Structures are given as C-alpha cells and as structure tokens.
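Survey of secondary and tertiary structure
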Amino acid sequence: MKEPKNLIFSSTHIIMLSFLSVIILGSLLLSLPISSANRTAVPYLDALFTATTATCVTGLVTLPTFSTWSVFGQIVILLLIQIGGLGVITIMSVLMILLQKRMGINHRLLLQDAFNLNSLSGIIQFVKKVVLGSFLVEGIGALLYMFVFIPEFGLRGIWISVFTSISAFCNAGIDIIAENSLCDYSTNPLINLVTCMLIILGGIGYIVWWDVLHVVKRTSQRNHHIFRRLTLHSKIAITSTIILIVCGAALIFCFEYNNPLTIQALPWYDKLQISLFQSVTTRTAGFASIPQENLTDASSLLCLLLMFIGGSPVGTAGGIKTVTVVVLIMTMIASIQNKNEVDIFNRKISKQASSKAVAVTCMSFIIMFTSALLLSMVTNADILDILYESVSATATVGLTRNLTPFLNAAGKFIVICTMYLGRVGPLSFALALNSNKQNNNIIKNPTEEISVG
C-alpha cells in the first residue's frame, strides 16, 4: 500500500525510530544511580546494552539482572520488555484508545506495518484484543508461578512471578531469580510447563489466536474438523511449530542423553522435560534450564538452527519465522519439480510471499554473518560461542554460551546493533534504506536468461 503523501517518514522509518527512542530513554533511566542496587550508577554502555536487550526482547545481559538493578531499575526493565513485546506503536495506540482519541489513516497504516498485516479492516479491534489477550495470559502465568515462588521467596515471589511471566510471554528471557536463569528449576514440572506455554503462546502469533478461537466458536460439537477450517497461515504456523518443538526435543534428548555435563545422571522423565524446554526456549525465548556452554556440539548446532528460525509472525518471538521457512522449503520443492506455483495445504502461495521470504532470510543471514565476523575480530572466543552469540542476538533469543558477560566494549556495541536490527526486522531495515520515490517509467528493462546453481 502506498504511503500517504503527508507523511514525512515512512511507516518503516517511524517503527525503527520509535524503538530507538525507547531504547535511548530506557538507557538514560537505567544509568541513573536510583536504578542500581548499590546506588552507584552502572557504566552507560551496560545500561544501553540492558535497555536494548529488554526493548528488543532478547535476553542477553552483561550484568546479572537480579543483583545489579534496584526495584526501580527492574520496573524500568519490565516496562521495556512489555513495550518491546507488544510494540511501541501498539502502546501508543492503546493510550489513544484510553483517551478516546480518533486514529487517522496514517496511524492505522503504522499499526498495519507494525503487525505486518495485509489489511486495515478491523485494525483497532485487533489491537484491543492483542493487548487484553496478552495481559490475560501474562496474569494467568503469574498466578501459576506464585505457587512456586511465593513459598520460596515470600512476598517478593509475587514480583518475581509477574516479572517472569511477562518476560516469558514476550519471549525476552530476562529473569530476576538468579545468575543461572532457570537452571535451579530444570526439573520443576510447574515452572517448565508454565514457561513453555507462555513462550509458545507469545511466539505462535496473535493471528493464530483469534483464528483458532473464531473457528472453535463456529464449530458445532458434532464437527471435530477444526484444523480444516483454520486459515492457511494458522495451519502453517501450528504445524511447523509442533514439528520443530517435537523434533528439536527428540534430537536434543538423543544428543545429550549421555552428556555428563547436562542430563546424563537424571531420570528419563527429567531428561525429557529438560530436552523439551531447551527445544522451546530456543524459539527466541532465552531462558536456560541447563548451561548452554555444556551442550554437545551437535545440540549447539541444532539450537543455532532453531534460534535462527524463531517463532511465528505477528507474535512476540523473533527469528525469520516459521511461516517464512515453510514458504522457502515449499518454493524450493516447487522449483525442483519445475512447477510454476507453490502449493501448501491445497492452497497457492503468492509470488510476493515467496519473494518476501527470500528477502527476510537473506537479510537475517547477512546481519548474523556480519555480526559473527565483527565479533571474531574483537574477541578471542571460540567460533561456536561467537556464532551462538550472533544468532541469538539476530533472532532476539537471548541464549549465550557464557560469552556475553565477558564482551569488551566493541563486542557489546556490536551485539547492541545486532539485537536492534534483529528486532526491527531485516525486511523493515532493507525497506527503510530504500528511497520512497516511485519509478514511474513506462519503459522496462529487457529480460535475459542467466544460469543459477
């Protein structure tokens, strides 16, 4: 859709600048002495790093969250996580709705681009449902966490439960429990189950939420073919999510079964739940129930792939997204079979969707590779640790092989830029660099065949 002429910046520019503004404001607040637990201001680069990882819902931290920041600092971080998870434009829209301000076409276009939707129809109602649904899920998650955290931490357990629930739903992976994330709760079924469900619900995408609820409401009790009535987007997102989680958990279970540094000494059911948690958390959540540096090389390589894929579109997760990967695979299959059309679940995929999938994947890979290359120049870390860091930052995951706390100033700045570019979106970044001028030339360049592959 063509941007209105009275917009000084395009929607893409505004979205990028809004995130940047929140990051800068958050870094200034976190650099204040009141934000520090010992009332001594932290170095600004660390404050900027923390503000970026919170707003970009990544989870990589240079300083332990639970011991470095005061309650005020933790509140700032939590607000940044919530804003980053829902989106700055969404928060602005909610404030306008509460103040009963009318939204013009320009603001609606911003919302459309922020959620990557194909239509403006019902956009305001969609925002309302997103916010209310998010708060409801986060509230339920917090209540369930309280069964564990209140008996252990007393009244402070309420704050820990709220913080962890919002962080999990927004796929941020930041916690205020301990330095080793959720490793102390690796065999706690309630913590594992609640965290996994929050991560999945946040990462599956809001479009899938409402589609499933809509179909369930309209489906009679005698008709159980709910899946058939879902939209193509929901079918792809749900199917790919299940396949990635199950296959990822099965492979990690096999790779780590005899690893003495992770799960070898545990009973099979604890091995299973830790493997499942690892498979889920690599989908851009960032919580860790086992130290990532203790994983076998096979598991680490698998996690790199799962992190790069990430969650589903129009959710809180990062990565190139599940739907993107499915479109790429089906496009490849169609090309091998010399077909002109890409079919998924007996539906045709547009060429625009295929082109966008290629663009998103290529831009993400370029950002990840550039980040890894630069980090290898400024650090002496192992290449697998560097790749883990770069992919984690690009896909806004937050898992690290214990490299983040030891980054030098140059390394921190590289990861900050990587997290920002990974959150605003590779495709949005590519579009923002382009001129808004339209090429209205009638004469087009001639077509000439080339050899590919």
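Attention in this report is confined to the structure presented alongside it. In this text the structure is predicted, and so the values were computed from the model without any measurement.

Next up on the list: the overall build of the protein chain. Counting secondary structure elements, the protein chain contains 19 helices and 2 strands. Burial analysis of the protein chain (453 residues in total) assigns 52% to the buried set. Residue pairs in contact within the protein chain that sit at least 24 positions apart in sequence constitute 69% of those at least 6 positions apart. Here the protein chain has roughly 22300 Å² of accessible surface; of this, 64% comes from carbon and sulfur atoms.

Helix length check: helix α16 (residues 351–378), at 28 residues, gives a terminal C-alpha distance of 41 Å against a target of 40 Å (1.5 Å per residue), a fit within 8%. Among all positions of α16, only Ser354, Ala357, Val360, Thr361, Met363, Ser364, Ile367, Met368, Ser371, Ala372 and Leu375 are buried.

Each pocket or cavity is described by its volume, and for the second largest pocket that value is around 590 Å³. What lines the second largest pocket is a set of 27 residues, among which Val61, Glu179, Asn180, Ser181 and Thr400 lie closest to the centre. When its residues are assigned to classes, the lining of the second largest pocket shows 12 nonpolar, 12 polar and 3 charged.

On the surface, a nonpolar cluster with roughly 610 Å² of combined accessible area is contributed by Phe365, Ile366, Phe369, Leu373, Leu374 and Met377. Position of Ile366 among the secondary structure elements: in helix α16.

Quick look at the packing of aromatic side chains now. A complete count under the given rule lists 11 aromatic pairs for this structure. Ring centres of Tyr206 and Trp209 lie 5.3 Å apart, and the angle between their planes is 75°; on these two criteria the pair is classed as edge-to-face. With Tyr206 and Trp209 both in helix α10 (residues 206–218) and 3 residues apart, the pair spans about one turn of that helix. With respect to burial, Tyr206 and Trp209 carry one shared label: buried. Measuring from ring centre to ring centre gives 5.5 Å for Trp209 and Trp210, while their planes differ by 80°; the resulting arrangement is edge-to-face. With a relative accessible area of 17%, Trp210 lands in the buried category. In textbook terms, an aromatic cluster arises when at least three aromatic residues are bridged by ring pairs, as seen for Tyr145, Phe149, Phe153 and Tyr185. The ring of Tyr257 carries Lys271 above its face, with NZ or CZ at 3.5 Å from the centroid. The ring of Tyr388 is capped by Arg401, whose NZ or CZ atom sits 6.0 Å from the centre of that ring.

Before going further, it helps to spend a moment on unusual backbone geometry. Backbone geometry places Asn171, a non-glycine residue, at a positive phi of 60°. In this fold, Asn171 is placed in the loop between α8 (156–169) and α9 (189–204). With a phi angle near 90°, Lys321 is a residue other than glycine that sits in the positive phi range. Structurally, Lys321 can be placed in the loop between α14 (297–309) and α15 (322–336).

If you check α9, its first and last C-alpha atoms are 22 Å apart, about what 16 residues at 1.5 Å a residue would give, namely 22 Å. Listed in full, the buried residues belonging to α9 are Ile191, Asn192, Val194, Thr195, Cys196, Leu198, Ile199, Gly202, Gly203 and Ile204. Where α9 is buried, its residues contact α7 (123–153), α8, α10, α12 (232–256) and α13 (268–281). The positive-phi residue at the C-terminal boundary of α9 is Gly205, with phi of around 105°.

All told, the structure shown has 3 salt bridges when counted by the stated rule. Notably, a salt bridge pairs Arg401 with Asp385, separated by 2.5 Å at the nearest N-O pair. Highlighted residues: Arg401 in the loop between α17 (383–394) and α18 (409–424) and Asp385 in helix α17, separated in sequence by 16 residues. Exposure remark for Arg401: the relative accessible area of 10% places this residue in the buried category.

Turning next to empty space enclosed by the protein. One water molecule sets the probe size; rolling that probe over the atoms shows where empty space is left. Tallied over the full model, the rule gives 2 cavities of 30 Å³ or more. Here the largest cavity defines a volume of roughly 90 Å³. Lining the largest cavity are Asn171, Ile199, Ile200, Gly203, Ile204, Thr241, Ile245, Val280, Arg283, Gly311, Ser312 and Ala317. Within the residue set of the lining of the largest cavity, elements represented by two or more residues are α9 and α12. It is α9 that provides the largest number of residues to the lining of the largest cavity, a total of 4 residues. Split by residue class, the lining of the largest cavity holds 6 nonpolar, 5 polar and 1 charged.

What counts and what doesn't
- Residues numbered from 1 in each chain as written.
- Predicted model: local features only at pLDDT ≥ 70, side-chain atom pairs only at ≥ 80, totals over all residues.
- Heavy atoms only, no water.
- Helix = DSSP H or I, 4+ residues; strand = E, 2+ residues; numbered from the N terminus.
- Buried < 20%, exposed > 50% of the residue type's maximum accessible area, 1.4 Å probe, protein only.
- Contact = heavy atoms within 4.5 Å.
- Areas by Shrake-Rupley, 256 points an atom, 1.4 Å probe, with all protein chains shown as cover.
- Expected span 1.5 Å × (residues − 1).
- 1 Å grid on protein atoms, 1.4 Å probe; cavity = no way out; pocket = protein on both sides within 12 Å on 5 of 7 lines; lining within 4 Å.
- Points joined across faces, edges and corners; volume = space filled by probe spheres on them.
- Nonpolar A, V, L, I, M, F, W, Y, C, P; charged D, E, K, R; others polar.
- Patch = residues over 30% accessible without salt bridge, like charges linked within 9 Å, V, L, I, M, F, W, Y side chains within 5 Å.
- Salt bridge = Lys/Arg side-chain N within 4 Å of Asp/Glu carboxyl O.
- Phe/Tyr/Trp six-rings, centres within 6.5 Å; stacked < 30°, edge-to-face > 60°.
- Lys NZ or Arg CZ within 6 Å of the ring centre and 35° of its normal.

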